[in-house]
Amino acid sequence: MQEQRHPILMDGRGLAAEIRQDMAARVAARGVGVRPPCLAVIQVGDVAASNIYVRNKRKACQEVGFQSIGISLEAEASQAELEERILHLNEDSGVDGILLQLPLPRHLDVDRLLALIDPAKDVDGFHPLNMGRLVLGRPGLAACTPRGILTLLHHYKVPLAGRRAVILGRSAIVGKPLAAMLLNADATVTIAHSRTEGLAQLAAEAEVLVAAVGRAEFVTPAMVHPGATVVDVGINRLEDGRIVGDVRADVARVAGMISPVPGGIGPMTIASLLENTWESFRSRHLAR
């Protein structure tokens, strides 16, 4: 009879709570006469998932003592209107971070809008300049979900230097920036995607496997090396209403460590957003 494995659950919710507690203490100690950090969130249209994400982000800001500005525009808002809003926020000395909630309606040029955000206020880490700094291993604001993943891995003392890491998914939001971060941590990194041949076998060779494909329960036990660390980035709603990740529940039989869904990477993404906003604020008001 095969021995049942009990992997270590990497508790993102608990770690994110610790980060928020530490952040609240920093805000409280910022000094007399110094305003609190401020995050501005721009949302276009009324999309249920985006509404939830924006609400969670603003709630986290309130919890740690940040100010937050919510800018809600109709789905028909023009490119020119969004560009004007972003330029105004760039010039506003009372704003430290600017976040453009994605996805946007199809008629808008997302790349142009993201590139218009002041890189020093780009708390999502999507500006080409910040992406370039990340690839070069230079300081800058890094994409929130990958940053949250690295923070979680470091917290659980997952060794990365010299280890084989495989990322399933090549998006500019997770896959590509995460690959740069893992390379900067001296891991050997492979990105797999829909055109990768032998994907299952490749995944099974990974000591650190990250699933960010956006397909419910895509990763099976056969795709996981025994004892591997598995990071599940997916958040998928099934027809019966259940929320599941990109990794099947029975992967727990073979994994050494695994991040749960929910309660894994989602809370860490918001914690990283707070950290990026604080860093932008600190460079503007405290590092003098």
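Look up: the structure comes first, before these words.
A brief structural summary. (Residues numbered from 1 in each chain as written. Predicted model: local features only at pLDDT ≥ 70, side-chain atom pairs only at ≥ 80, totals over all residues. Heavy atoms only, no water.)

Here the focus is unusual backbone geometry. Cis geometry is adopted by the peptide bond preceding Pro103, which originates at Leu102 and carries an omega value of 0°. Relative to the assigned elements, Pro103 resides in the loop between β4 (97-100) and α4 (110-116). For the peptide bond that leads from Val261 to Pro262, omega is -5°, which places it in the cis range. Relative to the assigned elements, Pro262 resides in the loop between β11 (257-258) and α9 (265-285). (Helix = DSSP H or I, 4+ residues; strand = E, 2+ residues; numbered from the N terminus.)

Here we take up the pairing of strand β2 (residues 38-44). Most of β2 is tucked away: seven of the seven residues are buried. Neither face of β2 is open: one carries Cys38, Ala40, Ile42 and Val44, the other Leu39, Val41 and Gln43, and all of them are buried. Bridge count between β2 and β4: four bridges; the pairing is parallel. Within β4, the position partnered with Val41 by the bridge is Leu99. (Buried < 20%, exposed > 50% of the residue type's maximum accessible area, 1.4 Å probe, protein only. Pairing = 2+ DSSP bridges.)

Moving on, we get to the sheet that holds strand β3 (residues 67-73). Consider a sheet: its strands pair through backbone hydrogen bonds, and that pairing is either parallel or antiparallel. Read across the sheet, three strands follow the order β3-β2-β4 without closing on themselves; strand pairing throughout is parallel. Across the chains shown, the open sheet's two edge strands, defined by having one partner strand only, are β3 and β4. Put simply, the sheet's adjacent strands are angled 15° from each other on average, direction ignored. (Axes fitted to C-alpha atoms, helices over the stretch in contact; angles between N-to-C directions.)

The next point concerns the packing of helix α1 (residues 12-28) against helix α2 (residues 48-64). In contact at an axis separation of 8 Å, α1 and α2 are set at 55° when each is read in the N-to-C sense. By the criterion of interaxial angle, the relationship of α1 to α2 is oblique. Residues Arg20, Met23, Ala24 and Val27 of α1 form the contact with α2, whose participating residues are Ala60, Glu63 and Val64. Across the contact of α1 with α2, the residue classes break down as five nonpolar, no polar and two charged. (Parallel < 35°, antiparallel > 145°, perpendicular 65-115°, else oblique. Contact = heavy atoms within 4.5 Å. Nonpolar A, V, L, I, M, F, W, Y, C, P; charged D, E, K, R; others polar.)

To continue, consider α2. An ideal rise of 1.5 Å per residue puts 24 Å on 17 residues; α2 measures up with 25 Å between its terminal C-alpha atoms. Of all the positions in α2, only Ser50, Val54, Lys57, Ala60, Cys61 and Val64 are classed as buried. Summarising the axial view, the buried residues of α2 lie within an arc of 125°, below the 170-degree limit, and thus occupy one face. Relative to its buried face, α2 has exposed residues pointing more than 90 degrees away, namely Ala48, Arg55, Lys59 and Gln62. In this structure, the buried side of α2 is in contact with α1, β2, β3, β4 and α9. Backbone geometry just after α2 places Gly65 at a positive phi near 95°. (Expected span 1.5 Å × (residues − 1). Arc of directions from axis to C-beta.)

Bringing the sheet that holds strand β1 (residues 8-9) into the picture now. Ordered by their spatial adjacency, six strands build an open sheet running β1-β11-β8-β7-β5-β6, and the pairing between neighbours is parallel. Edge positions in the sheet fall to β1 and β6 (188-192), since each has one partner strand and no second. Pairing between strand β8 (residues 229-232) and β11: two bridges, direction parallel. Of the residues in β11, the one forming a bridge with Val230 is Ile258.

Okay, the nonpolar core next. Nonpolar side chains tend toward joint burial in soluble globular proteins. In terms of nonpolar packing, the biggest core is built from 31 residues, with Ile149, Leu160, Leu182, Val210 and Val231 touching the most fellow members. Among the secondary structure elements, those contributing two or more residues to this core are α1, α6 (144-155), β5 (164-168), α7 (175-184), β7 (208-211) and α9. Here the element with the most residues in this core is α7; it accounts for five residues. Those residues in contact with Leu160, other than ones at most four positions away along the chain, are Leu150, Leu153, His154, Leu182, Ala185, Asp186, Ala187 and Val208. Of all hydrophobic cores here, the second largest spans 21 residues; its members include Ile71, Ile86, Ile98 and Leu114. (Core = buried A, V, L, I, M, F, W, Y, C linked by side-chain atoms within 4.5 Å.)

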